[in-house]
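# Observations on chain architecture
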There are 4 protein chains.
Amino acid sequence: MIVAMQNQATDEQIQSVIERMVELGFNVHRTTGETQTILAGVGTPEHFEVTEFQVLPGVHQAYRISSPYKLAGRGFRPEGTRVTFPNGLVVGGDEVVIMAGPCSVESSDQIHLSAKQVAASGGQFLRGGAYKPRSSPYSFQGMGVEGLKLMREAADENGLLVITEVMEISQIEAMLPYIDCFQVGARNMQNFNLLRELGHVRKPVLMKRGISATIEEVLLSAEYILSGGNYDLMLCERGIRTFETATRNTMDISAIPVLKKLTHLPVLGDPSHGVGKRDLVPAMALASVAAGADGLLMEMHPNPDKAMSDGAQSLFPDQLTKLVEKLRLLAPVVDRSIASAVAKVHA
Amino acid sequence: MIVAMQNQATDEQIQSVIERMVELGFNVHRTTGETQTILAGVGTPEHFEVTEFQVLPGVHQAYRISSPYKLAGRGFRPEGTRVTFPNGLVVGGDEVVIMAGPCSVESSDQIHLSAKQVAASGGQFLRGGAYKPRSSPYSFQGMGVEGLKLMREAADENGLLVITEVMEISQIEAMLPYIDCFQVGARNMQNFNLLRELGHVRKPVLMKRGISATIEEVLLSAEYILSGGNYDLMLCERGIRTFETATRNTMDISAIPVLKKLTHLPVLGDPSHGVGKRDLVPAMALASVAAGADGLLMEMHPNPDKAMSDGAQSLFPDQLTKLVEKLRLLAPVVDRSIASAVAKVHA
Amino acid sequence: MIVAMQNQATDEQIQSVIERMVELGFNVHRTTGETQTILAGVGTPEHFEVTEFQVLPGVHQAYRISSPYKLAGRGFRPEGTRVTFPNGLVVGGDEVVIMAGPCSVESSDQIHLSAKQVAASGGQFLRGGAYKPRSSPYSFQGMGVEGLKLMREAADENGLLVITEVMEISQIEAMLPYIDCFQVGARNMQNFNLLRELGHVRKPVLMKRGISATIEEVLLSAEYILSGGNYDLMLCERGIRTFETATRNTMDISAIPVLKKLTHLPVLGDPSHGVGKRDLVPAMALASVAAGADGLLMEMHPNPDKAMSDGAQSLFPDQLTKLVEKLRLLAPVVDRSIASAVAKVHA
Amino acid sequence: MIVAMQNQATDEQIQSVIERMVELGFNVHRTTGETQTILAGVGTPEHFEVTEFQVLPGVHQAYRISSPYKLAGRGFRPEGTRVTFPNGLVVGGDEVVIMAGPCSVESSDQIHLSAKQVAASGGQFLRGGAYKPRSSPYSFQGMGVEGLKLMREAADENGLLVITEVMEISQIEAMLPYIDCFQVGARNMQNFNLLRELGHVRKPVLMKRGISATIEEVLLSAEYILSGGNYDLMLCERGIRTFETATRNTMDISAIPVLKKLTHLPVLGDPSHGVGKRDLVPAMALASVAAGADGLLMEMHPNPDKAMSDGAQSLFPDQLTKLVEKLRLLAPVVDRSIASAVAKVHA
C-alpha cells in the first residue's frame, strides 16, 4: 500500500498513519519530498482496507498496490488453465468452443430438437435453464429437475455436453448427476455462499460477469471458487449495464483481452445477453472470437418467436449454422480453430 | 402493450403481429395512420415479453404499458404501508427512524458499546452484520450466530430493535430468535430464491436497492416478497454504481421521492454506503430526510479507525449524536419528526 | 507520481522507468521490498501523463499523487470564494441564492410574467435561454439577442439579476451588455476554447457539470477559466447520466459536499435538469440545500404545459413560491439563510 | 406519439390530453379498454416534447413513435452512403479503410516519420491533432496551423489523405487548404453551432460518438450536419464512459452493427480511445472489423514512450504493420477487404 500525505500534513498525522500501517503488518518506507511525504507499505497483510487510510487525517490518497486476488492472477499459472471435460474436450486451449441452446428447457420436444440443431450446427455444449432467475415473480420459473433430466437425455443423444445455471446451494446436489458444467449467472456473481460451495464441487464452473461488476470484482469472485479447490473455472463476459438503451446491455468486448491478460482462466463471450437482439448476435460473436474469446455461449431456439423466455435474443437454428461457418473462417486469423463437434465426443 | 409498426410494414407483417398478440391474450385495437400502423393490445396476459415483439419483422417499437408489478404499486395501498415493530415503533408513518451501528459485530465489548452509543444518540435500531458478504474471500466474514446473540443482548439492554443482514436461505431459521428485521443486501436484491423465502417469514424485511438495479427492478424484487404474503417490507436507497469514483457509489437521492410516488412501501436512505466516506455522511443523511426518507440506516463504530470492515464510512459516535440533533431540526420542515428513542420502547 | 513495479520486474525495467521519471523532472526515491519495488517521484513536472507509465514494461500500476488542478483547489483559497454581483448580492457566503425562470425566452409577455413571478417568490436571478443547445436541429433554437434584451428589461423591472447560457465564443461580446452572469451548459463543460475565453471576461460565470464529467474533470475545466484570470466562478451539479431511466438524469447530490471540500468555489444545484420532472424538483431542491448548496438554479414557467422547451421539468409559479417558503425554514438547519429578494437590490 | 392513460384517469384528464395533442397537430385515435385508455397520435408535428405529456395529470406513460431524425435514418438512403475522397478512395463501400498516426503533431520529423510508417503499414489516412482539446489547461495544446502544414506535407509525400480534429468554428477556414477530412471529437459531438457550420462545408466529416452519447443522440447530431447539406459524413465509435476502470473507456462494439442498421452513414471504430492501452488495441481493432466497421482510426507514434499526448494508447509502428496484416486476413470473413494503400492514390 502507498499513502500519499497532504502537503500540509503534520508530523503527528504522518506518525499516526505510520503506526497504523505497522500495526497491520506493513514495513513502512518514508519518502519526504519538498512539499509532500509518501509512505510505502511493503508486505501483504491479509486484512486491511485501503479506504480506511483514505479518510485518516492528513492523508491525500491511499493506493493498494498488491493485487487483492492471488489464485486467479495470471502469475499463478502463466501457461493458462485448460478445463477438460469427460469427453476429452478442452476449453482454454487452441480450440474455441460453442455452447448453444434455448434460454429455458420448455418441453421434451423443444430440448431434443434444440440439441439436434446445436449438434448439427457444430456446437459442443447444450445450454438451457432448468432453474430460471426472473426479475418478475410472475414470469416462467423453469422446469426444475425434470428439465435437467430432459437436457441430459437430449445432450447424450447428440453427443453434447450439458451446461446449466445453478441459483441456489440446495440445487447443487440435485444437479450433479445430470450436468457437465455449472453456470453461475450474472445475478449470482457475488452470491459468495454459492461460490464457496462451488469451490468444493468436482465439476467445472462457468461464472458470468455481473451486470455491474468490475474486472477486479470478477477476479475476486473467481478467487472464492478457486480458493475452495475447484480450478476448473471459466469466466464469461455477457454485457454490463450502461446508459445506452439501444441494446439490452453493453457487451464489453475489451473485457476479453483484459481478462486474458490478468488471469489464467479461460474467457468466453455471451453475445445473446450482451446485446439482447438476435440480429446483432452474429456480429458480436465474431467480434468476441476476434478479440480472443475461448468460446461462445449463445441462445438458440427451434422457434424463437414462441420461446417462453428470451425469445428476442435467441438465434434461429439456421442463423447459428451460418454463424459457426463464419467462425470457422475467422478463428485461424487469430491462431485458433473452432472445436470439432461430434467427432470429438467419440474420441 | 402497444406495437408501433414500421412505415413500410406489410399487411402480412401487421397481421402476423396481431395474431401473436391475440394468442397471448390481448384484445387488439388497430389504428391505421397515413404512414404508420399502431396496434394497441388491451388486457393483461401474465406471461409475455415485450422484447419478443421488438424483433418481429415490420415492428418499429413495442411498449409494455401495464406495470409489471402489482402488489408493490402505490395504487394497491394508496394510504401507504406502516410497518409496526414489537415495541410499537412504526416505520412509514410521521416519524423518521434511525438505524445505526457497526458494519460488523466484532466482539461483545464492541457491540455493547455501539448499542449504548446508538441509544444515547437517539437511534431506535441497532444494525450490525453477523454474516458478511465480502468481495474478497480473504476478508473478515463475520461472527455468525454468536454475533446475533451479542447483538440481541446489546440491543435489549439499550431498548433498541435489531436489524441485520441475511445472505442465505439456510440462515433464516437461525436468525429468527435474535432479530427484529431482516436486511437484504444490495448484492442479494435479485437473489430471487431468498426473496421468495422471506415472503413466507413473519418478520419485517428491509430490502436494499442493488448497486445497478433500476427502480422498476427494485419494485419487481419487492413483488417477490409481497407475493409470498409478507407485507412488512421497507426499501432502502444505498447508492448506485456510476462512472464517478470520488465517492464509493453515487447515492441516488431522487430514488427516494420517485419510490414514494410509485409504491406504498416505506423508503429509507443509507448514506454510509451511498458515499463511503464518513465526512460526507451527515450531508447525505440530511439530504435523504429533506427528500422524504422514512428513515436512515447508518454505520457508526465506537472506534472507526480500528473497524474490521467499512471503517472509512462509519461515523464517530459524537458525529451521530450531532447529526441526529440536526435531523430533529430538519424533519419538521418536511412535516415529519425524528422518532423518539427509549421512551417509545417502554410504551 | 508513484510507480509500483511488478513482482517479476527486471532491474533493467526498473532502471528504464527511473530514467524516464528523471527525464520528466522527477526526483526518484526507490523502495525495494522483498517482492516489489516502488518508485516515488517527487516534484511536479507540468507535462506528464500517468497513463504513459502504466504501459511501460514491468510496471504494475502508476498513480498521479499531485492534484492536476491548482487554482481550483480548496487550498488556494481556504476561506472560500464569494462572488459579488453589481447589486451587492453575494454567492458563496451565508446566504443561499435562488435563480429561476423559463428554459427559453419565448416572448416579451412570457419573460416579463416569469420575472414578476420569480421576484414574487423570492428569487434573486432570472434565468432563461436566448441561445439554446438542442439535441435535434428541428427543435426551437432560441430568440438570440432579442431574447437577451427582453430578459434584461424584465429583470430590471423586478429587481433581478440575469443569468443565461453562452454556447459560442462569438456570442460573448453580444451578451455582455445584457447579462450579469454567463452560464456554461453541461454540453460545453469541455469546450475548452469557450472556457479559455470566459477566463478573460470580467463577468461571473456559472459552469455546469457535464453529463458524464467526473468531479476531477469539473475542476480541471474550472481551471481553464481561473487560469485566464476570472475568479468569479460558480459550479453547478445538474445530474449525471447513469443506467436509471426513471429520471432524466441522476442528480448526484453528493457532488455538492464533495466539491465544497475540494474547491473554494461556490456550488449550486439544478434540480430541474437533475430529475427532469417537476413533481420531483421540490424534494431535490430541499436535498441540495440540506447537503450544502450555495444556491439553486431552477426552471419555472408561467404556463409549463405550453412551454416551448423543458415544460415537463418547469415548476408552476405557485410551486416555486411554496418551495422557497420551505427553503427558508430549512436553511437555518444547516446554518444558512435564503437570500432576501428585492430588498437587497436597493441596498 | 402514444399516450397510455392511468387506470384511474378521469374523462376530463383524457379530454385535456387529447386537446393538447390536437393543438400540436396530431390526429388522435382513442382506444378505450376495460381498465385503461390509450391515445394514438398520428402525424408528425415538428415541435413537440414527449416529456411534456409524461407529466400531464392522468398520464401513465407517453412514447414518441416517430424517429426524431430523418436524413440520418437508414430509410433515407437504403443503399448506404459512400464518401469519396479526391484520390478516389471510398469509405462505406466494400473496402475497410485505415486511418492512423500520432495523437498530436509534435514536430516535422515526428509527423514525416509517422506518415512514412502509416503508408508502409498499409494505411490510407494520416491522422494527427493540430488543435488539441485537453482536460487540463496545463497540458500541451497543439501546434495549430503550423501542425496542419506539416501534416499536409508529410501526407502528400506518402500518398496519404489527412484527417484532423476541428474544435472551433473559427478554425474551419484555416484548416480547409490542408486537410481532406474534418474530425469532430467526442467532446464536441453536441457542439451544435460547430456541427451546423460543418453542414455548410464541402469536405467530408468524421464525427465521433460522445463519451456518454446514446445512439439516438449520435444520429441527432449527424442530422445537424446532414441538414446543412453536407452528406459526406462518417460516424465513429470510440468508447463510452462506464463504471469500469480497467480500460480508459468501454468500447461499445455493438454500436457498430446497431448504427449500420439504423443509418446509411459509414461507421468506423477507434480502438485507441476505446481502450486506452496499446496492448489491447489490436484485439479491439480486429473485433471492430469483425463486427462490421467500415474503417479504423488508430493512434500510432514513431516513439510512443516519448509522445506528448496519448502515448499509452499509441501503437508502435511494427504493431500497426502486424495488425494490418491480420486485418487483411480477417476482412474477407465478413465479405470485405482492406483498402489498398498507395496504389489507390495513383489511380
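Chain A has the name Phospho-2-dehydro-3-deoxyheptonate aldolase in an unreviewed UniProt entry, where Granulicella mallensis is given as its organism.

### Focus on the overall build of chain A
If you tally the helices and strands in chain A, you get 12 helices and 15 strands. In terms of overall dimensions, chain A has a C-alpha envelope of 75 × 45 × 40 Å along the principal axes. Burial status across chain A gives 67% buried among its 347 residues. The contacts of chain A with a sequence gap of at least 6 include a subset with a gap of at least 24, amounting to 68%. Element-wise, carbon and sulfur atoms account for 50% of the exposed surface of chain A, whose accessible area totals about 11,200 Å². Taking the 32 positively charged and 38 negatively charged side chains of chain A as two groups, their mean positions are separated by 5 Å.

### Description of the relation of the copies chain A and chain B
With an RMSD of 0.0 Å, the fit of chain A onto chain B corresponds to turning through 180 degrees and sliding 0.0 Å along the axis. Here the symmetry operator amounts to a two-fold rotation axis. Taking C-alpha positions as reference, the residue of chain A nearest the rotation axis is S212 of chain A, located at 3.1 Å. In this assembly the copies share their binding face: 100% of the residues contributing to the interface of chain A also contribute to that of chain B.

### A few points about the interface of chain C and chain B
Contacts between the two partners involve 36 residues from chain C and, on the opposite side, 36 residues from chain B. A combined buried area of about 2,700 Å² lies between chain C and chain B, and 72% of that area is made up of carbon and sulfur atoms. On the chain C side of the interface with chain B, the three residues burying the most area are F243, E244 and V333 of chain C, jointly 21% of the side's total. Linking chain C with chain B are 6 salt bridges. The closest approach of N and O atoms between D279 of chain C and K261 of chain B, which form a salt bridge, is 2.5 Å. Remark: the boundary between chain C and chain B carries 8 residue pairs in polar contact (both at pLDDT 80 or more). For the side of chain C that touches chain B, the secondary structure elements donating two or more residues are α8 (255-262), α10 (281-290) and α11 (317-330) of chain C. In terms of residue class, the side of chain C that touches chain B is built from 22 nonpolar, 6 polar and 8 charged.

### A word on the interface of chain A and chain B
Contacts between the two partners involve 51 residues from chain A, matched on the other side by 51 residues from chain B. Put simply, chain A and chain B have 4 salt bridges between them. Two residues, E23 of chain A and K306 of chain B, come together in a salt bridge whose shortest N-O distance is 3.7 Å. The tally of links between chain A and chain B comes to 15 residue pairs in polar contact (both at pLDDT 80 or more). Considering each element in turn, the side of chain A that touches chain B owes the most residues, 5 residues, to helix α7 (residues 215-226) of chain A.

### Notes on the packing of helix α10 (residues 281-290) of chain B against helix α11 (residues 317-330) of chain B
Residues and elements named next belong to chain B. Between α10 and α11, the least distance of the axes is 10 Å, while the angle of their chain directions is 25 degrees. The angle between α10 and α11 places the two elements in the roughly parallel class. In this structure, α10 meets α11 at a crossing whose hand is right-handed. Facing P282, A285, L286, V289 and A290 of α10, the residues of α11 in contact are L323, K326, L327 and L330. In the contact of α10 with α11, the residues fall into 8 nonpolar, no polar and 1 charged.

### Observations regarding the sheet that holds strand β2 (residues 27-32) of chain D
Residue and element names in this part refer to chain D. Reading across from one edge, β2-β3-β1-β4 is the order of the 4 strands in this open sheet, with antiparallel pairing throughout. This sheet does not close on itself; its edge strands, each paired only once, are β2 and β4 (59-63). Each strand axis lies, on average, 15 degrees off the axis of its neighbour in the sheet, ignoring direction. Note: strand β1 (residues 2-5) against β4, 4 bridges, orientation antiparallel. Paired with V3 across the strands is A62, a residue of β4.

### A closer look at the packing of helix α3 (residues 108-121) of chain D against helix α11 (residues 317-330) of chain D
Residues and elements named next belong to chain D. Following both chains from N to C, one finds α3 and α11 inclined at 20 degrees, their axes separated by 9 Å at the closest point. With respect to α11, the element α3 is oriented roughly parallel. Two packed elements cross with a definite hand, and for α3 against α11 that hand is right-handed. Contact residues: Q117, V118 and S121 in α3; P317, L320, T321 and V324 in α11. Partitioned by chemical class, the residues of the contact of α3 with α11 number 4 nonpolar, 3 polar and no charged.

### Let's talk about the relation of the copies chain C and chain B
Structural alignment of chain C on chain B gives an RMSD of 0.0 Å, achieved by rotating through 180 degrees and translating 0.0 Å along the axis. Take the interface residues of chain C: 100% of them recur as interface residues in chain B, which is what a same-surface contact looks like.

### Some points on the domain arrangement of chain A
Taken domain by domain, chain A holds domain 1 (2-63) and domain 2 (74-346). One C-alpha centre belongs to domain 1 of chain A, the other to domain 2 of chain A, and the line joining them spans 44 Å.

Reading the values: rules and limits
- Residues numbered from 1 in each chain as written.
- Chains lettered and ligands numbered in written order.
- Predicted model: local features only at pLDDT ≥ 70, side-chain atom pairs only at ≥ 80, totals over all residues.
- Heavy atoms only, no water.
- Helix = DSSP H or I, 4+ residues; strand = E, 2+ residues; numbered from the N terminus.
- Buried < 20%, exposed > 50% of the residue type's maximum accessible area, 1.4 Å probe, protein only.
- Contact = heavy atoms within 4.5 Å.
- Areas by Shrake-Rupley, 256 points an atom, 1.4 Å probe, with all protein chains shown as cover.
- Lys, Arg positive; Asp, Glu negative; His and termini not counted.
- Charge placed at Lys NZ, Arg CZ, Asp CG, Glu CD.
- Least-squares fit on C-alpha atoms with pLDDT ≥ 70 in both.
- Buried area = accessible area lost by both parts, 1.4 Å probe.
- Salt bridge = Lys/Arg side-chain N within 4 Å of Asp/Glu carboxyl O.
- Polar contact = N/O pair within 3.5 Å; in protein donor to acceptor, adjacent residues only side chain to side chain.
- Nonpolar A, V, L, I, M, F, W, Y, C, P; charged D, E, K, R; others polar.
- Axes fitted to C-alpha atoms, helices over the stretch in contact; angles between N-to-C directions.
- Parallel < 35°, antiparallel > 145°, perpendicular 65-115°, else oblique.
- Left-handed = near helix turned anticlockwise from the far one by under 90°.
- Pairing = 2+ DSSP bridges.
- Domains from an automatic or database assignment.

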